[in-house]
Amino acid sequence: MTPQAYIDLVTARYEEIRKPSKAKEMSAYMRNLFPYLGINKPERVQLNKEIFPIIKQIVNEDFLKEIVLLCWQKQEREYQYFAMDLLQKYFDHLSPRFMPLITYMAMQKSWWDSIDLLAIKIVSRLVSKFPELQPTIDEFGVHEYLWLRRIAIIYQIPFKRKTNTQLLFRFCLHNAADKDFFIRKAIGWALREQTKSDPQSVIDFVSKYEEILSPLSKKEALKKINLRFPA
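As the structure is a computational prediction, the values presented were derived from the model and not from experiment.

> So what about the nonpolar core? Which residues, and what values?
Counting 81 residues, the largest nonpolar core has Tyr6, Phe82, Tyr155 and Leu191 as the members making the most contacts within it. A total of 9 residues in this core trace back to one element, the largest contributor, which is helix α7 (residues 112-129). In contact with Phe82, other than residues within four places in its own chain, are Tyr6, Ile7, Val10, Tyr14, Asn48, Ile51, Phe52, Ile67 and Cys71.

Encoded structure:
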């Protein structure tokens, strides 16, 4: 089976459960940036359980690359979700050579939904498995494209106690003056998650840079420890 044949099969199965009325709601929720088929996540998960095993015997990294490119060419958002879910399923086939395509995925059809899934479910695992990818993340952290910077800020969230706090704080500080909501929210989110394993380091960081961090970032960072700074 070729990648195109596989995507044709996926498309046929997804089209069978398309819900136009639901699609409008889902698109509106995403500010009408993308059209949708109207398939909720539980339905996709169930259908994917049937579709994923079809390529089990033939899947490899190059096959996955082709699938990603084909899904990113399609208009409906569910196909991009499918590609990212497929990468999680067959993550063991990925190598550092896949990182340029991750960058492409982050820079095309970007919005918080795809970026957060990429960062938390894929980039975090890749960098953990292949530390030699860290210089790429360092570049993300200072990149002109805000969505790459968001990835750099939040990708360590799954690391919990293994988080490199100095790296996290460096990315947060570099982006602290950015006025974009999604960057400020990312800083607060990443810091808040870090309070679960190392609250004092976050308190110290926010205290030291409270005049630089935005009110939103500070509020989100300290939400779970009931400590507030003046807005």
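> Let's hear about α7: which residues, and what values?
Here α7 contains 18 residues, and its C-alpha end-to-end distance of 24 Å stays within 8% of the 26 Å for a straight helix at 1.5 Å per residue. The largest bend in α7 comes to about 40°, at Ala119. Counting buried residues in α7 gives 13 out of 18 residues, a clear majority hidden from the surface.

> Any details on the side chain of Ser201? Residues and values, ideally.
One can find Ser201 in helix α12 (residues 199-208). For Ser201, a relative accessible area of 14% translates into the label buried. Once residues lying within four places of it in the same chain are set aside, the contact partners of Ser201 are Thr165, Phe169 and Gln194.

> So what's going on with the pattern of salt bridges? Which residues, and what values?
Tallying each qualifying case throughout the model produces 16 salt bridges. Among the ionic pairs, Lys196 bridges to Glu193, the shortest N-O distance being 3.0 Å. In this structure Lys196 comes out as exposed when scored by relative accessible area, which is 55%. One salt-bridge network, in which partners are shared between bridges, spans Lys185, Arg192, Glu220 and Lys223.

> Report on a positive patch on the surface, specifying residues and quantitative values.
Taken together, the side chains of Lys41, Lys121, Arg125 and Lys129 present a region of like positive charge at the surface. For the positive patch, the element with the most residues is α7, which contributes 3 residues. Mapped onto the fold, Arg125 is located in helix α7.

> Account for the packing of aromatic side chains, with residues named and values stated.
Across all of its chains, the model carries 13 aromatic pairs by this definition. Here Phe52 and Phe82 contribute two aromatic rings whose centre-to-centre distance is 5.5 Å and whose plane-to-plane angle is 55°, an arrangement assigned as tilted. Residue Phe52 is found in the loop between α3 (41-51) and α4 (61-73), and its partner Phe82 is found in helix α5 (residues 77-89); the two are separated by 30 residues along the sequence. Comparing Phe52 with Phe82, the two get one shared label, buried. Considering the side-chain rings of Trp111 and Phe182, the 5.0 Å spacing of their centres and the 65° angle between planes classify their relative orientation as edge-to-face. Here the residue Trp111 occupies a position in the loop between α6 (99-107) and α7, and Phe182 occupies one in helix α11 (residues 181-194), the gap between them amounting to 71 residues. Its relative accessible area of 12% is what places Trp111 among the buried residues. With a relative accessible area of 12%, Phe182 lands in the buried category. Clustering of aromatic rings is evident, with ring pairs tying together Tyr6, Tyr14, Phe52, Phe63, Tyr79 and Phe82. The cationic tip of Lys74 hangs over the ring face of Tyr79; the distance from NZ or CZ to the ring centre is 4.7 Å.

The rules we used
- Residues numbered from 1 in each chain as written.
- Predicted model: local features only at pLDDT ≥ 70, side-chain atom pairs only at ≥ 80, totals over all residues.
- Heavy atoms only, no water.
- Core = buried A, V, L, I, M, F, W, Y, C linked by side-chain atoms within 4.5 Å.
- Buried < 20%, exposed > 50% of the residue type's maximum accessible area, 1.4 Å probe, protein only.
- Helix = DSSP H or I, 4+ residues; strand = E, 2+ residues; numbered from the N terminus.
- Contact = heavy atoms within 4.5 Å.
- Expected span 1.5 Å × (residues − 1).
- Bend = angle between axes of the 7 residues up to and from the residue.
- Salt bridge = Lys/Arg side-chain N within 4 Å of Asp/Glu carboxyl O.
- Patch = residues over 30% accessible without salt bridge, like charges linked within 9 Å, V, L, I, M, F, W, Y side chains within 5 Å.
- Areas by Shrake-Rupley, 256 points an atom, 1.4 Å probe, with all protein chains shown as cover.
- Lys, Arg positive; Asp, Glu negative; His and termini not counted.
- Charge placed at Lys NZ, Arg CZ, Asp CG, Glu CD.
- Phe/Tyr/Trp six-rings, centres within 6.5 Å; stacked < 30°, edge-to-face > 60°.
- Lys NZ or Arg CZ within 6 Å of the ring centre and 35° of its normal.

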